[in-house]
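Report on the structure
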Amino acid sequence: MSNLLALSGAASASAAVILAAVLAVALPPPPAQAQDAAPIVATPEGQLQGVPSKGVLSFLGVHYGADTGGANRFLPPAAPPAWGGVRVADRMGDRCPQPPVNMPPEMASVLSFSDLPTSEDCLVLNLWTPAVADNAKRPVMVWLHGGGFFLGSGGDKYYEGSNLSRGQDVVVVTLNHRLNVFGYLELGPEAGPQYADSNLAGMLDIVAALKWVKANIASFGGDPDNVTIFGQSGGGSKVSTLLAMPSAQGLFHKAIIQSGAAVKVGTVEAATATRDKLFTQLGLQVGDIAALRALPTDTLMKAGARAGLLAYMPAVDGETLPTNPFDPVGSPLSANVPIMVGSTKDEATNVVLSDPTWQTMTEADLTTRVGGMVGPAEAANTIALYRAQAPNDRPMHLYTSVMTDMMFTWSSITLAERKYAQQAAPVFMYKIDWNSPVLGGKLRSPHAVELPFIFDNVDVSAGLVGAGPEQNAMADLMSATFAAFARTGNPSIPGAPAWPAYTPQTRETFIYDVPPTVVADPNSQLRAYWAARAAQPQPAESPIQGVMDGKKFE
């Protein structure tokens, strides 16, 4: 594993306190205190009144698109209707339709999803700003939520933007967009030309939100010419996809991809197979869009979930999405966009936490599961390589280490290499090594561990990261470096190690931990192993498939 300085006990806590103090000096000057009176901001659709929120102003539940139900179902987003008078933007809007998540107790104690209502009138965004109409031209950070392409919302508690906005003097935007069958169903030519983009409706929603930002954000204290899109997990895949969409070009200027580097996305052939399965389940003829539009929202959502949640994703269609984001090379559309990309050390522990057999895995179980990922003939060699890196790890953690690298680490490295090959804008690589103490520490550095730190929301995230000096130091570090990248295109900050751009020659990677370090080519043996396998055929089934099956959703 990496050669980071390991700290524990009192020494670790002391280092965290010192680091937090150093980073506090490195943060940008505090912005002027947010206006006391809730201001009114005019948009093309009508006037919005914000409300004070933790020292900044929030504008919640702002419609950037029209209701997507009824005759608008499966169509590209339409402009929101105008309104008269002043609309008080004091509550978040509905989530887009999605299946409820049934999490076992341990997972429910770690991860939290919004319980806001769902409806097809869900094209809304939330905005936090230190001040409005002050010509400050603050960096704008537009967040794309996780949950794959099938669930989630911009209203989850981790994403509340007040602290990030206040602490880093930035404008923060989160948003909802269509998901699963509503946002990524390939209806095919049988449906007619008006539905040509049905498989990309969810992505076009995000483009519409970015157009709203470009047109309006100056009135909210932001700079429309300095917009960063960032997202984790499925949100990272959405960021990746936007980098290859002509309609998104020029609407953002920097991109951060967290634990979701989408080198490739879906194919029309696979998306069409999902469509056929859905129509068969519903007893409908392919092309009967009137009947599909007439279905109640909940009926369609549940049928879509049974058809296979992981099957819903953007597909390369040659037009709206001309190519894969980074396969075989990076899309030229985003060559000049600086990128930050990375993952956590133990992504898969959260992925398999719902699996009751994970913690009791035997050596035989390990061999079987790793064989499912790399092929039975290669399983022993793979396990031996990972055991040499971590000889004291139990089968449960050897398994998640292999899954983490296969699903997350290697795709981040591949994206960074292909970005570098464009020889245009820089790419910066990171790895999160900080271990969460929750659940006895068995999650280590799991998927989503960084969310409370980036948004500086440790106070509401004890179930995921715990609380204490180290957590506060991580929040200071991550919120500052992410905001620095949004501000300048370079994530380096005073008080932390200089963060060089990634190159295949040195592979310098910023390690988020207490204290942080920069390491050249971390875990080089493991990287070389996956590089050697990259050209080989992969198993047909993703290791995540069994985790995201119907048992987890109603």
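This text goes with the structure placed above it.
Thresholds applied
- One numbering rule holds for all chains: residues counted from 1, following each sequence as written.
- At least 70 in pLDDT is required for a residue's local features to be given in this predicted model, at least 80 for side-chain atom pairs to be given and counted, and no such filter applies to totals for whole chains, interfaces and linings, which use all residues.
- Computation of side-chain values: all heavy atoms of the structure, hydrogens and water removed.
- When the sulfur atoms of two cysteines come within 2.5 Å, that pair is taken as a disulfide.
- Helix and strand labels come from DSSP, where a helix needs a run of H or I of at least four residues and a strand needs a run of E of at least two; each type is numbered from the N terminus.
- Here, strands pair whenever DSSP counts at least two bridges between them.
- Fitted lines through C-alpha atoms serve as axes, helices being fitted only where they are in contact, and the angles separating the N-to-C directions of these axes extend from 0 to 180 degrees.
- We call two residues contacting when some pair of their heavy atoms lies within 4.5 Å.
- Burial classification: accessible surface area is computed with a 1.4 Å probe over protein chains only, and a residue below 20% of its type maximum counts as buried, one above 50% as exposed, and the rest as partly exposed.
- Ring pairs shown here join Phe, Tyr and Trp side chains whose ring centres sit within 6.5 Å, with only the six-membered ring taken for Trp; geometry is labelled stacked below 30 degrees between planes, edge-to-face above 60, and tilted in between.
- One fewer than the residue count of a helix, multiplied by 1.5 Å, yields its expected span.
- Residues belong to one nonpolar core when they are buried, are Ala, Val, Leu, Ile, Met, Phe, Trp, Tyr or Cys, and are joined through side-chain atoms within 4.5 Å.
- By definition in this entry, angles of less than 35 degrees are roughly parallel, angles greater than 145 are roughly antiparallel, angles of 65 to 115 are roughly perpendicular, and the rest are oblique.
- Here is the rule for handedness: rotate from the far helix to the near one, and if that takes an anticlockwise turn smaller than a right angle the crossing is left-handed, while a clockwise turn gives right-handed.
- When a carboxyl oxygen of Asp or Glu lies within 4 Å of a side-chain nitrogen of Lys or Arg, that pair is called a salt bridge.

1. Details of the state of the cysteines
If you walk through the whole model with that rule in mind, you get one disulfide. Disulfide partner of C96: C122, at an S-S distance of 2.1 Å. Residues C96 and C122 are joined by a disulfide whose S-S torsion is about 95 degrees; by sign, that bridge is right-handed. Of the two residues, C96 is situated in the loop between β5 (86-88) and α2 (105-110) and C122 in the loop between α2 and β6 (124-129); the sequence distance between them amounts to 26 residues.

2. Considerations on the environment of V181
For V181, the position within the fold is in helix α4 (residues 180-183). The sequence separation of V181 and G231 amounts to 50 residues, and the corresponding C-alpha distance is 21 Å.

3. Describing the sheet that holds strand β2 (residues 46-49)
In spatial order, the strands read β1-β2-β5; together these three strands make up an open sheet with mixed pairing. In this open sheet, the two strands that pair with only one neighbour each are β1 (40-43) and β5. Adjacent strand axes in the sheet meet at a mean angle of 30 degrees when their direction is disregarded. Summarising the sheet, β1 and β2 pair through four bridges and their orientation is antiparallel. Opposite I40, over in β2, you have Q49 as the bridge partner.

4. So, the sheet that holds β6
Here 11 strands make up an open sheet; going across it, the order is β3-β4-β6-β8-β7-β9-β10-β13-β14-β15-β16 and the pairing mixed. Two strands bound the open sheet, and with one partner strand each, they are β3 (51-53) and β16 (517-520). For this sheet the average axis-to-axis angle between neighbouring strands, irrespective of direction, equals 25 degrees. As paired strands, β3 and strand β4 (residues 56-63) are joined by three bridges and run antiparallel to one another. Across the sheet, residue P52 finds its bridge partner in β4, namely L57.

5. Describing the environment of R527
Assignment of secondary structure puts R527 in helix α17 (residues 524-533). As for R527 and L204, which are separated by 323 residues in sequence, their C-alpha atoms are 35 Å apart. Setting aside residues no more than four positions away along its own chain, R527 makes contact with W410, I413, R507 and D521.

6. Here we look at unusual backbone geometry
Residue P328 is reached from D327 by a cis peptide bond, and omega for that bond is 5 degrees. Within the secondary structure, P328 sits in the loop between β12 (315-316) and β13 (339-344). Despite not being glycine, K137 shows a phi value in the positive range, around 50 degrees. Tracing the backbone shows K137 in the loop between β6 and β7 (138-144).

7. Points about the pairing of β4
When you tally the buried positions in β4, you get seven out of eight residues, the bulk of the element. Here β3 folds back onto β4, and the loop between the two strands holds two residues, one of which, K54, carries a positive phi near 55 degrees. Both β4 and β6 contribute to a ladder of five bridges, which runs antiparallel. Directly across from H63, in β6, lies its bridge partner V124.

8. A closer look at the packing of aromatic side chains
One pass over the structure, following the stated rule, counts 18 aromatic pairs. Measuring from centroid to centroid gives 5.1 Å for Y529 and W530, while their planes differ by 80 degrees, and the two rings are edge-to-face. A relative accessible area of 6% places W530 in the buried class. Site record: aromatic cluster; members linked through ring pairs are F428, Y430, F482, F485, W499, F510 and Y512.

9. Description of helix α9 (residues 297-308)
The terminal C-alpha atoms of α9, which comprises 12 residues, lie 17 Å apart, in line with the 16 Å expected from a rise of 1.5 Å per residue. Where α9 is concerned, the buried positions are L300, M301, A303, G304, A305 and A307. Structurally, α9 contributes buried residues whose contacts are with α4, α7 (268-282) and α8 (289-294).

10. Overview of the nonpolar core
Counting 152 residues, the largest nonpolar core has F59, L242 and Y512 as its most contacted members. Ranked by residues supplied to this core, first place goes to helix α16 (residues 469-488) with 11 residues. Ignoring anything within four residues of it in the chain, the contact list for L242 reads L144, M203, I206, V207, L210, I229, A248 and F252.

11. Some details on the packing of helix α11 (residues 363-374) against helix α12 (residues 379-389)
In the contact formed by α11 and α12, the axes pass within 8 Å of each other and the chain directions differ by 110 degrees. With respect to each other, α11 and α12 are oriented roughly perpendicular. Judged by the sense of rotation from one axis to the other, the crossing of α11 with α12 is right-handed. Mapping the contact onto sequence places E363, L366, T367, V370, G371 and V374 in α11 and A379, T382, I383 and R387 in α12.

12. Here's the deal with the packing of α7 against α9
Across the interface, α7 lies against α9 with an axial gap of 9 Å and an inter-helix angle of 125 degrees. By the criterion of interaxial angle, the relationship of α7 to α9 is oblique. Here α7 runs over α9; the crossing is right-handed. On α9, the residues touching K277, L278, Q281 and L282 of α7 are L300, A303, G304, R306 and A307.

13. Here we look at the pattern of salt bridges
This structure, assessed with the given rule, holds 18 salt bridges. Residue R369 pairs with D355 through a salt bridge whose shortest N-O separation is 2.8 Å. Residue R369 is found in helix α11, and its partner D355 is found in the loop between α10 (348-351) and α11; the two are separated by 14 residues along the sequence. Across the pair D521 and R527 runs a salt bridge whose closest N-O atoms are separated by 2.7 Å. Through salt bridges with shared partners, a single ionic network connects D134, R138 and D169.

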